[in-house]
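# Close look at the chain arrangement
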Amino acid sequence: MASIKAEYIWIDGYKPTAFLRSKTKVVDHFIRSAEDAPEWSFDGSSTRQADGHSSDCLLKPICVISDPIRGEPNVLVLCEVLSPDGTPHVTNTRARLRELSEKHAAQEPWFGIEQEYTLYKNSRPFGFPENGFPLPQGRYYCGVGCDEVFGRPVIEAHLTACLNADLKISGINAEVMPGQWEFQVGPLGPLEVSDQLWLARWLLYRIGEDFGVYAKLDPKPVIGDWNGAGAHTNFSTKAMRDSGGIKVIEEACQKLSRKHKEHIEVYGAGNESRLTGLHETCGINEFRYGVSDRGASIRIPVHTAKNGCGYLEDRRPAANMDPYQVCAKLIETICGE
Ligand code: ADP
Ligand code: MN
Ligand code: MN
Ligand code: MN
């Protein structure tokens, strides 16, 4: 009889930013898909998802990948949280995205998310000296050499783990502040990109344990002349990708301009300290779009403008955003009438 370690992963009820939780279930059969993984439960009173008198919440497996840390045949099992009666828990933001993505499936929305994050060691950003500050920003972005980038072994291990688990990572790069890095997930459909982003985040935290470093998704880790951390969300529908799609992209920008506030509400807590109008951002109270403009809310990449079709980049989401909510908002605004 097989003994398989299945790591059940879910999102807790912390506010304003939820965190990942996980625990291990040992099962006696192979798990290849979510249907093979048994439902489970946890103590919701310890995750701000229930009170002590009626504390059980249910874990419904929705996405299974092989566990690149424990190795085959062990698995990671991403779950939705359900209330004891089987309905989606109030903290379960995936349920709404599930509905919206079904409703608008015909438009074939794709997403590519650029996850920026900051590695920390000894309570400071990795690469920051014990006292004072490192040299000003300039050569850290896409740098090479141990005076310019910090934590490469961690991010290499993370990339390898993601690829071994068949996550669709499209690239990684060192970012503008020391200790800051980025990986990109996609392009994929809304549920796939969001599930994979949460799993890739879990792997990042888990791999950090082995190196004695931890990643944080704080939108503005260091106040001052230091870049914040975002989660640029690249978006397209089939009509945008098809010839002449630039017209549809411009219409989408118009729609987005009318819903700016609503979007900012679900784009991550503390984003106001990042969206200042400096450091490659547009101020939080403004909305602008433009070709190649990294100071705009929405950037139309140069090759999209040139080809007359492609995708748009929403630069507003913060690193700590919930992809289920961000993708839902974009679909709602752009794919609705
Ligand atoms: P940047 O120049 O902003 O740093 P990146 O290369 O980091 O861009 O990220 C671009 C993202 O856009 C990637 O995640 C990629 O998968 C995604 N992407 C590419 N084409 C599309 C598309 N048609 N629709 C949505 N996302 C896309
Ligand atoms: Mn990028
Ligand atoms: Mn970036
Ligand atoms: Mn970008």
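Residues numbered from 1 in each chain as written. Chains lettered and ligands numbered in written order. Predicted model: local features only at pLDDT ≥ 70, side-chain atom pairs only at ≥ 80, totals over all residues. Heavy atoms only, no water.

With respect to the secondary-structure elements, K220 resides in the loop between strand 10 (214–216) and strand 11 (233–236). We note that K220 is buried and unpaired, the nearest opposite charge coming from D225 at a distance of 7.1 Å. Leave out the neighbours within four places in its chain, and K220 touches W226, N227, G228, S273, R274 and H279. (Helix = DSSP H or I, 4+ residues; strand = E, 2+ residues; numbered from the N terminus. Buried < 20%, exposed > 50% of the residue type's maximum accessible area, 1.4 Å probe, protein only. Lys, Arg positive; Asp, Glu negative; His and termini not counted. Salt bridge = Lys/Arg side-chain N within 4 Å of Asp/Glu carboxyl O. Contact = heavy atoms within 4.5 Å.)

Turning our eyes to something else, we now look at the coordination of the manganese ion (ligand 3). In an ideal tetrahedron of four donors about a metal, each angle is 109.5 degrees. In an ideal octahedron of six donors, the angles are 90 or 180 degrees. Of the protein atoms, only E116 (OE), E175 (OE) and E182 (OE) coordinate the manganese ion (ligand 3), at distances of 2.1 to 2.2 Å. Here the donor residues of the manganese ion (ligand 3) share one chain and are spaced in sequence as E-x58-E-x6-E. The metal-metal distance between the manganese ion (ligand 3) and the manganese ion (ligand 2) comes to 3.8 Å, with E182 coordinating both. Of this pair, E116 sits in strand 6 (residues 110–121) while E182 sits in strand 9 (residues 180–188), and the two are 66 residues apart along the sequence. You can call E116 buried: its relative accessible area is 9%. (Donors = N, O, S within 2.8 Å, 3.2 Å for Na, K, Ca; no water.)

Around ligand 1, a shell composed of 18 residues is seen, among which E114, E182, P187, S236 and E313 lie nearest. Between an oxygen atom of ligand 1 and a side-chain N or O atom of Q184, the distance comes to 3.2 Å. N234 places a polar side-chain atom, nitrogen or oxygen, 3.4 Å from an oxygen atom of ligand 1. When the free accessible area of ligand 1 is taken as 580 Å², the share hidden by the protein chains comes to 77%. Counting only elements with at least two residues in the shell around ligand 1, the list comes to strand 6, strand 9 and strand 11. Sort the elements by how many residues they give to the shell around ligand 1 and strand 9 lands first, with five residues. Residue composition of the shell around ligand 1, by class: six nonpolar, six polar and six charged. (Near = heavy atom within 4 Å. Polar contact = N/O pair within 3.5 Å; in protein donor to acceptor, adjacent residues only side chain to side chain. Areas by Shrake-Rupley, 256 points an atom, 1.4 Å probe, with all protein chains shown as cover. Nonpolar A, V, L, I, M, F, W, Y, C, P; charged D, E, K, R; others polar.)

Moving on, we get to the UniProt feature "domain: GS catalytic" (unreviewed entry) in the chain. When the UniProt feature table is mapped onto this chain numbering, "domain: GS catalytic" (unreviewed entry) sits at residues 93–337. Split by type, residues 93–337 is 36% helix and 18% strand. Its first and last C-alpha atoms lie 23 Å apart. (UniProt positions renumbered as here; feature names shortened; annotations may be inferred.)

Take the environment of Q107 next. Mapped onto the elements of the fold, Q107 is located in the loop between helix 1 (94–103) and strand 6. The spatial distance from the C-alpha of Q107 to the C-alpha of I331 is 9.6 Å, given a sequence separation of 224 residues. The contacts of Q107, once residues within four sequence positions are left out, are T237, K238 and C335.

With that settled, consider the coordination of the manganese ion (ligand 4). The manganese ion (ligand 4) binds to the protein through E114 (OE), E114 (OE), H232 (ND1) and E313 (OE), with metal-donor distances spanning 2.0 to 2.5 Å. Linear spacing of the donor residues for the manganese ion (ligand 4) on their chain is E-x117-H-x80-E. The distance between the manganese ion (ligand 4) and the manganese ion (ligand 2) is 3.9 Å, with E114 acting as a donor to both metals. Within this pair, whereas E114 is found in strand 6, its partner H232 is found in the loop between strand 10 and strand 11, the two being separated by 118 residues in sequence.

Attention now moves to the pattern of salt bridges. Counting across every chain of the model gives 19 salt bridges. Here E7 makes a salt bridge to R70, at a shortest N to O gap of 3.0 Å. Residue E7 is located in strand 1 (residues 4–11), and its partner R70 is located in the loop between strand 4 (56–66) and strand 5 (75–82); the two are separated by 63 residues in the primary sequence. Residue E7 is classed as buried on the basis of its relative accessible area, which comes to 7%. Note on R70: relative accessible area 34%, which makes it partly exposed. Linking R139 and E148 is a salt bridge whose minimum nitrogen-to-oxygen distance equals 2.4 Å.

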